[in-house]
Amino acid sequence: MNDVVSGVAETCAVRAELERLYDAGLYRQALAAGEAAWGPVRRWRDLDRRLLGSRIISQLGLYRTASALVLDSWRREARDADLVFAYVRTLYNLRGPYPARQALLHWQGRVERSAAQQASWLGLAAVIHGAYRDWEQAHACVDEAMQLAECPEDFLFERAWLYECQDRYDDALATLARIPATTPNRERYLVQCCSRLLEITGQDAQMLDELRAAFARCESVELGMRLHQKLTDRDLLDEADACLARLGTLVPAGEKLVAEEVAIATASLRYRRGDIAGTLAALEPVRGYYFREVRRALAAATEDTPRRLLDVPFIRQHHMTCAPATLTAIWRWHGVHIDHLTLAEAICYDGTSDLAERRWAVQQGWAVREFELNLDDVCTLIDAGCPVA
């Protein structure tokens, strides 16, 4: 009996320490501590351990393993509120909103939930309804969740996400500004949400500053990869290199998929530096047809092969406005300022037809010709300084 009590107390102590490290944003250390106490994360059998393990390793880029822990628990364990929540969220991440909505409706009243668990359920429901652009239902779910929650501001994340999906970027940023960064883990999530919006609204300097500060304080692979990409895009290559070096220390040993992502990021950086040999070396462990073809093309290139990059402005599309956003970017490249949404009003109706695009371009005085695009034509146009989309 004493051994059982001692084992339970030890498990509770380990779990408390892992939660502390998780809240501190020290996800790599949390995984190491958990595996030192309970063995490899894939072999954790207790439901609470597996759900905690899923949360921890998802911050280290192990999304497939995190999902597998939840799905395996779903097959093995009795249904309770936490497992049903994790299962529906995993369905949404893996298969999209339709199966998630079916499961949401099925499990709506079939398990008992505390007020806190019901609030989390409603927050997930808001995301799923938002994916269907049912804004009234989605915002109603957030309102109800905030009434039930001990910390109503927790559900401002869902509110901000809904505003972002509605293309209300300023409202989304204002909502996120109301959330206190009470722990490094929350700061990490806050910065992930804000960084997208700051880039969309042209606040690049603030975006980079926030990503740098958050990555310096936490061990998130996703945050580091995002920072690396933004630094590389802006030719801050030395800093991007340092970011990659730290990312390498966070990837758990033997995790091929995450290691491949880091290898691809390394190759991108080497290519930006004009280092073809270094790019090929970085891509060597990366599998798949696409990267085999990239390696083949790079092997045929030389250090003197010209590289041409056109600085076409970024225009964030709204819902079903991909063609107007593309046309706006190309027009602005040529020095003609047009408003993306005004253009969408002129040529969109539940999407954009080819005829409407061509007619509008002709009305603006542009020469319009149709032709079949191939790689040689793309290279010729780009070499001539003409962007292609």
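Residues numbered from 1 in each chain as written. Predicted model: local features only at pLDDT ≥ 70, side-chain atom pairs only at ≥ 80, totals over all residues. Heavy atoms only, no water.

### Structural notes on the overall build of the protein
Phase 1 of the analysis: The helix and strand inventory of the protein stands at 21 helices and zero strands.
Phase 2 of the analysis: Summarising its shape, the C-alpha atoms of the protein cover approximately 85 × 50 × 35 Å along the three principal directions.
Phase 3 of the analysis: Looking at the 389 residues of the protein, the share that counts as buried comes to 44%.
Phase 4 of the analysis: Here the protein has roughly 21200 Å² of accessible surface; of this, 52% comes from carbon and sulfur atoms. (Helix = DSSP H or I, 4+ residues; strand = E, 2+ residues; numbered from the N terminus. Buried < 20%, exposed > 50% of the residue type's maximum accessible area, 1.4 Å probe, protein only. Areas by Shrake-Rupley, 256 points an atom, 1.4 Å probe, with all protein chains shown as cover.)

### Looking at the packing of aromatic side chains
For any pair of aromatic rings, the description consists of the separation of the ring centres together with the inter-plane angle of the planes.
Phase 1 of the analysis: Tallied over the entire structure, the rule returns eight aromatic pairs.
Phase 2 of the analysis: Arranged with centres 4.5 Å apart and planes meeting at 35 degrees, the rings of F157 and Y189 form a pair that is tilted. Placement of the pair is F157 in helix α9 (residues 156-165) and Y189 in helix α11 (residues 184-200), with a sequence separation of 32 residues.
Phase 3 of the analysis: Ring centres 4.9 Å apart and planes at 85 degrees place the aromatic pair Y290 and F291 in the edge-to-face group.
Phase 4 of the analysis: We classify Y290 as exposed; its relative accessible area is 57%.
Phase 5 of the analysis: Put simply, the rings of W74, Y87 and W107 touch in pairs and so form one group of aromatic residues.
Phase 6 of the analysis: The cationic tip of R79 hangs over the ring face of W74; the distance from NZ or CZ to the ring centre is 3.8 Å.
Phase 7 of the analysis: R246 extends its terminal NZ or CZ atom over the ring of F215, reaching a point 4.4 Å from the ring centre. (Phe/Tyr/Trp six-rings, centres within 6.5 Å; stacked < 30°, edge-to-face > 60°. Lys NZ or Arg CZ within 6 Å of the ring centre and 35° of its normal.)

### Let's talk about unusual backbone geometry
Peptide bonds are trans in most cases, and residues, glycine excluded, mostly fall at negative phi.
Phase 1 of the analysis: Within the chain, R133 stands out as a residue other than glycine whose phi angle is a positive 60 degrees.
Phase 2 of the analysis: With respect to the helices and strands, the residue R133 is situated in the loop between α7 (115-131) and α8 (135-148).
Phase 3 of the analysis: For R133, a relative accessible area of 30% puts it in the partly exposed group.
Phase 4 of the analysis: Notably, D235 is not glycine yet its phi reads approximately 60 degrees, a positive angle.
Phase 5 of the analysis: By the secondary structure assignment, D235 is in the loop between α13 (221-233) and α14 (237-250).

### Some words on the environment of V388
Phase 1 of the analysis: Position of V388 relative to the elements: it lies in the segment after α21 (375-383).
Phase 2 of the analysis: Judged by relative accessible area, which is 31%, V388 ranks as partly exposed.
Phase 3 of the analysis: Taking C-alpha positions, V388 is 9.7 Å from T326, a pair spaced 62 residues apart along the chain.
Phase 4 of the analysis: Once you skip the residues sitting within four places of it in the chain, V388 turns out to touch L373, V378, L381 and I382. (Contact = heavy atoms within 4.5 Å.)

### A closer look at helix α18 (residues 322-333)
Phase 1 of the analysis: Here α18 contains twelve residues, and its C-alpha end-to-end distance of 17 Å stays within 8% of the 16 Å for a straight helix at 1.5 Å per residue.
Phase 2 of the analysis: Among the residues making up α18, those that are buried are A323, P324, A325, L327, T328, A329, I330 and W331. (Expected span 1.5 Å × (residues − 1).)

### Points about the environment of G202
Phase 1 of the analysis: With respect to the helices, strands and loops of the structure, G202 is situated in the loop between α11 and α12 (204-217).
Phase 2 of the analysis: C-alpha of G202 to C-alpha of Q364: the two residues are 162 residues apart in sequence and 27 Å apart in space.

### A word on the nonpolar core
Side chains of nonpolar character tend, in soluble globular proteins, to be buried together.
Phase 1 of the analysis: Within the largest apolar cluster, 90 residues are counted, with the highest numbers of intra-cluster contacts made by V88 and L176.
Phase 2 of the analysis: Looking at which element gives the most residues to this core, the answer is helix α5 (residues 81-95), with nine residues.
Phase 3 of the analysis: When near neighbours in sequence (up to four residues on either side) are disregarded, L176 contacts F157, A160, L190, C193, C194 and L197.
Phase 4 of the analysis: Ranked by size, the runner-up nonpolar core spans nine residues in total, among them L327, W331, A356 and A361. (Core = buried A, V, L, I, M, F, W, Y, C linked by side-chain atoms within 4.5 Å.)

### What about the side chain of T90?
Phase 1 of the analysis: When you line up the elements, T90 lands in helix α5.
Phase 2 of the analysis: From its side chain, T90 meets the backbone oxygen of A86 in a polar contact 2.7 Å long. (Polar contact = N/O pair within 3.5 Å; in protein donor to acceptor, adjacent residues only side chain to side chain.)

### Side note on the packing of α11 against α13
Phase 1 of the analysis: Interhelical geometry of α11 versus α13 gives an angle of 25 degrees and a closest axis separation of 10 Å. What the angle tells us is that α11 and α13 run roughly parallel. Viewed along their axes, α11 and α13 form a crossing whose handedness is left-handed. Between α11 and α13, the contacting residues are R188, V191, Q192, S195, R196 and E199 on the first element and E222, L223, R226 and K230 on the second. (Axes fitted to C-alpha atoms, helices over the stretch in contact; angles between N-to-C directions. Parallel < 35°, antiparallel > 145°, perpendicular 65-115°, else oblique. Left-handed = near helix turned anticlockwise from the far one by under 90°.)

### Remarks on the confidence of the model for the protein
Phase 1 of the analysis: The predicted model of the protein has a mean per-residue pLDDT of 90, with 97% of residues at 70 or higher.
Phase 2 of the analysis: Segment residues 1-5 is flagged for pLDDT under 50; beyond a separation of four residues in sequence, or across chains, it makes zero contacts in the model. (pLDDT = per-residue confidence, 0-100.)

### Describing the pattern of salt bridges
Phase 1 of the analysis: A full pass over the atoms with the stated rule returns 27 salt bridges.
Phase 2 of the analysis: A salt bridge links E199 to R234; the nearest nitrogen and oxygen atoms lie 3.3 Å apart. Taken as a pair, E199 in helix α11 and R234 in the loop between α13 and α14 lie far apart in primary sequence, 35 residues in all.
Phase 3 of the analysis: Residue classification places R234 among the partly exposed positions, given a relative accessible area of 25%.
Phase 4 of the analysis: Of the charged contacts in the structure, one is a salt bridge between R273 and D241, with a shortest N-O distance of 3.5 Å. Highlighted residues: R273 in the loop between α15 (256-272) and α16 (276-283) and D241 in helix α14, separated in sequence by 32 residues.
Phase 5 of the analysis: Overlapping salt bridges, with partners in common, bring together R45, R50, D72, R75 and R76 in one network. (Salt bridge = Lys/Arg side-chain N within 4 Å of Asp/Glu carboxyl O.)

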